[in-house]
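Here's the letter readout for the chains.
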Amino acid sequence: MNMTKPYDIPKSLVWNAYKCVKENNGSEGVDLESIEMFEKNLSSNLYKLWNRLSSGSYFPPAVKGVAIPKKSGGVRILGIPTVSDRIAQTVVKLVLEPILEPVFHNNSYGYRPNRSAHDAIALVRRRNWKYDWVIEFDIKGLFDNINHELLLKALRKHCQTPWVLLYIKRWLKAPMQDEDGHLTERITGTPQGGVVSPLLANLFLHYAFDMWVSKNLRSVRFCRYADDGIVHCKSLLQAQMALRKIRNRFLEVGLELHPDKTRIVYCKDINRRESYPDISYTFLGYTFRPRKSKDKYGRIYENFLPAVSREALTAMKQTIRSWHIQLKCDKGLKDLSKMFNPVIRGWFNYYAKFYASAMFTVARHINMYLTRWLMRKYKHLSYHKRLAGKVLQKLAMSMPNAFAHWKSGYVA
């Protein structure tokens, strides 16, 4: 027991928090101090942080507001803490997460250890086969509108550690500083970009939504990933009733369903032939809709399945185009692999998990630019696109590990 400080916070906890922050990297906060700058005087900086946390004298600085473009248009404001504040938040997260994790609902997947987006998608896919109707919902501005009093009430129910409660209260009130240096006080919300914010958001929604649905809408099934969710229903009437109740519930706790991203969808397939205008929805980058499928006897039929969304495909193609692969004639194939394969591997690991053939268009796009690269790099291929394509095929067969889509068999 530390007899000289009011709060017993082990130094090892601060050290472990620092290692987590270093591994995640991240940009600098309002003090413009990077992780490399922080490490120049590492021992002293960590000791000062531990000393302030243990004495109760730590007050978080303002978070830096950074505007990030949304895929759907507009911007999202991220609140970027300083390096030392990220370490302080991680200290609290390391204590709080093991307490809250066993409490959270089994159908909640976002920002939780050992639970992936693929797990959530697989669950939704299985339930689509059992339930004919789906409510697709998105919470508008979740991180900006969380009610502090309700959040703290939920927190006190599971955690009585004084210093954890103290610092979370201070983080909730920490102002946001824009690029002009103006400070905005915060009376609701927790900044998206903070280390502890996703954990607090999950705790808030555990009571605002997860447990509420379990008690008040027992005949439906839900899957939530942060502020995106799917509710499975047996009938259109049940879906309409459930949506009304869910919308009212969110209003009760100070939240609002996004009007453009919330709707009822019919899971149409070979056995479901009702007429309904909405027969597709997108969840975690995958679009669920009627697709051709093959049974174990090789027969083709219509099933309701997930595949990479059109928006994700467009974004990947735009990124590939921005690489200007065809202009990098000074680079060899290994150089291009080193430059771009980590991104390509990430795409195929995520989007080829379900209905992998939908990723063929991305593979073809990459191969097209690699073919153009060959035609520019080697004069004898300059005006022979078909020959360059055959050369690329041979390269793919001889070096399948060079690019993730080649390794997955997308060679042609």
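In case you missed it, the structure is sitting above this.
Below: a short report on this structure. Source: prediction; values computed, not measured.

**Examining the environment of Asn107**
Move 1: Topologically, Asn107 is positioned in the loop between helix 4 (83-100) and helix 5 (117-128).
Move 2: With relative accessibility at 11%, the residue Asn107 sits in the buried group.
Move 3: A sequence separation of 54 residues divides Asn107 from Thr161, and the C-alpha atoms of the two residues are 27 Å apart.
Move 4: Excluding its chain neighbours within four sequence positions, the residues that come into contact with Asn107 are Leu123, Arg127, Phe222, Cys223 and Arg224.
Move 5: Side chain to side chain, Asn107 and Arg127 meet in a polar contact 3.3 Å long.

**So, the packing of helix 7 (residues 148-158) against helix 9 (residues 197-216)**
Describing two packed helices takes the angle between their axes plus the distance from one axis to the other.
Move 1: Contact pair helix 7 / helix 9: the axes reach a minimum separation of 9 Å and the direction vectors enclose 90°. Between helix 7 and helix 9, the interaxial angle falls into the category roughly perpendicular. Residues Leu150, Leu151, Ala154, Leu155, Lys157 and His158 of helix 7 pack against Leu200, Leu203, Phe204 and Tyr207 of helix 9.
Move 2: For the contact of helix 7 with helix 9, a count of residues per class yields 8 nonpolar, 1 polar and 1 charged.

**Considerations on the environment of Leu42**
Move 1: Mapped onto the elements, Leu42 comes out in helix 3 (residues 42-55).
Move 2: Here the alpha-carbon distance between Leu42 and Tyr18, two residues 24 residues apart in the chain, equals 9.7 Å.
Move 3: When neighbours within four sequence positions are excluded, Leu42 is seen to be in contact with Trp15 and Tyr18.

**What to know about the packing of helix 1 (residues 11-24) against helix 3**
Move 1: Orientation of helix 1 relative to helix 3, taken along the N-to-C sense of each, is 120°, at an axis distance of 10 Å. By the angle between their directions, the pair helix 1 and helix 3 is classed as oblique. Crossing handedness for the pair helix 1 and helix 3: right-handed. Residue-level inspection shows Lys11, Val14, Trp15 and Tyr18 of helix 1 in contact with helix 3, the latter providing Leu42, Leu46, Tyr47, Leu49 and Trp50.

**Quick look at helix 7**
Move 1: For helix 7, the full list of buried residues reads His148, Leu151, Leu152, Ala154, Leu155 and His158. Burial along helix 7 is one-sided: seen end-on, the buried residues are contained in an arc of 160°. In this structure, helix 7 carries Glu149, Lys153 and Lys157 as exposed residues pointing more than 90 degrees from its buried face.

**Side note on the pattern of salt bridges**
Move 1: One pass over the full model with this rule turns up 9 salt bridges.
Move 2: With a shortest N-O distance of 3.0 Å, Arg263 and Glu136 are connected by a salt bridge. With Arg263 in strand 8 (residues 263-266) and Glu136 in strand 3 (residues 133-138), this pair connects stretches of sequence that are 127 residues apart.
Move 3: Owing to a relative accessible area of 27%, Arg263 belongs among the partly exposed residues under this scheme.
Move 4: Note on Glu136: relative accessible area 11%, which makes it buried.
Move 5: Linking Arg263 and Asp278 is a salt bridge whose minimum nitrogen-to-oxygen distance equals 3.2 Å. Of this pair, Arg263 sits in strand 8 while Asp278 sits in the loop between strand 8 and strand 9 (281-283), and the two are 15 residues apart along the sequence.
Move 6: Relative accessible area serves as the criterion here: at 25%, Asp278 is assigned to the partly exposed category.

**Thoughts on the nonpolar core**
Move 1: Judged by nonpolar contacts, the single largest core of 68 residues is most densely connected at Ile9, Ile87, Leu96, Trp163, Ile168, Val231 and Phe250.
Move 2: Top element by residues in this core is helix 9. It accounts for 10 residues.
Move 3: Aside from chain neighbours lying at most four places away, what touches Phe250 is Phe137, Ile139, Leu205, Phe209, Leu255, Glu256 and Leu257.

**Let's talk about unusual backbone geometry**
Move 1: Even without glycine at this site, His324 takes up a positive phi of about 55°.
Move 2: Assignment of secondary structure puts His324 in the loop between helix 11 (310-323) and helix 12 (333-351).
Move 3: Positive phi, close to 50°, is recorded for Tyr355, a residue that is not glycine.
Move 4: Assignment of secondary structure puts Tyr355 in the loop between helix 12 and helix 13 (360-377).
Move 5: For Tyr355, a relative accessible area of 30% puts it in the partly exposed group.

**Some remarks on the sheet that holds strand 10 (residues 286-294)**
Move 1: Taken in spatial order, the 3 strands line up as 9-10-11 in an open sheet, and their pairing is antiparallel. Here the strands that pair on one side only, and so sit at the sheet edges, are strand 9 and strand 11 (300-308). Adjacent strand axes in the sheet meet at a mean angle of 50°, parallel and antiparallel pairs treated alike.
Move 2: With 9 bridges joining them, strand 10 and strand 11 adopt antiparallel strand pairing. In the sheet register, Lys292 faces strand 11, and the bridge partner there is Glu302.

**Let's talk about the side chain of Ser309**
Move 1: By the secondary structure assignment, Ser309 is in the loop between strand 11 and helix 11.
Move 2: Residue classification places Ser309 among the buried positions, given a relative accessible area of 2%.
Move 3: Once residues lying within four places of it in the same chain are set aside, the contact partners of Ser309 are Thr282, Gly285, Tyr286 and Thr287.

**Digging into the sheet that holds strand 7 (residues 228-233)**
Move 1: An order of 6-7-3-8 is seen for the 4 strands of this open sheet, with the pairing classed as antiparallel. The open sheet is flanked by strand 6 (221-225) and strand 8, the only strands paired with a single partner. The average undirected angle you get between the axes of adjacent strands in this sheet is 20°.
Move 2: Strands in contact with helix 5 are strand 3, strand 6 and strand 7; relative to strand 6, the strand with the most contacts, it is inclined by about 160°.

Calculation notes
Residues numbered from 1 in each chain as written. Predicted model: local features only at pLDDT ≥ 70, side-chain atom pairs only at ≥ 80, totals over all residues. Heavy atoms only, no water. Helix = DSSP H or I, 4+ residues; strand = E, 2+ residues; numbered from the N terminus. Buried < 20%, exposed > 50% of the residue type's maximum accessible area, 1.4 Å probe, protein only. Contact = heavy atoms within 4.5 Å. Polar contact = N/O pair within 3.5 Å; in protein donor to acceptor, adjacent residues only side chain to side chain. Axes fitted to C-alpha atoms, helices over the stretch in contact; angles between N-to-C directions. Parallel < 35°, antiparallel > 145°, perpendicular 65-115°, else oblique. Nonpolar A, V, L, I, M, F, W, Y, C, P; charged D, E, K, R; others polar. Left-handed = near helix turned anticlockwise from the far one by under 90°. Arc of directions from axis to C-beta. Salt bridge = Lys/Arg side-chain N within 4 Å of Asp/Glu carboxyl O. Core = buried A, V, L, I, M, F, W, Y, C linked by side-chain atoms within 4.5 Å. Pairing = 2+ DSSP bridges.

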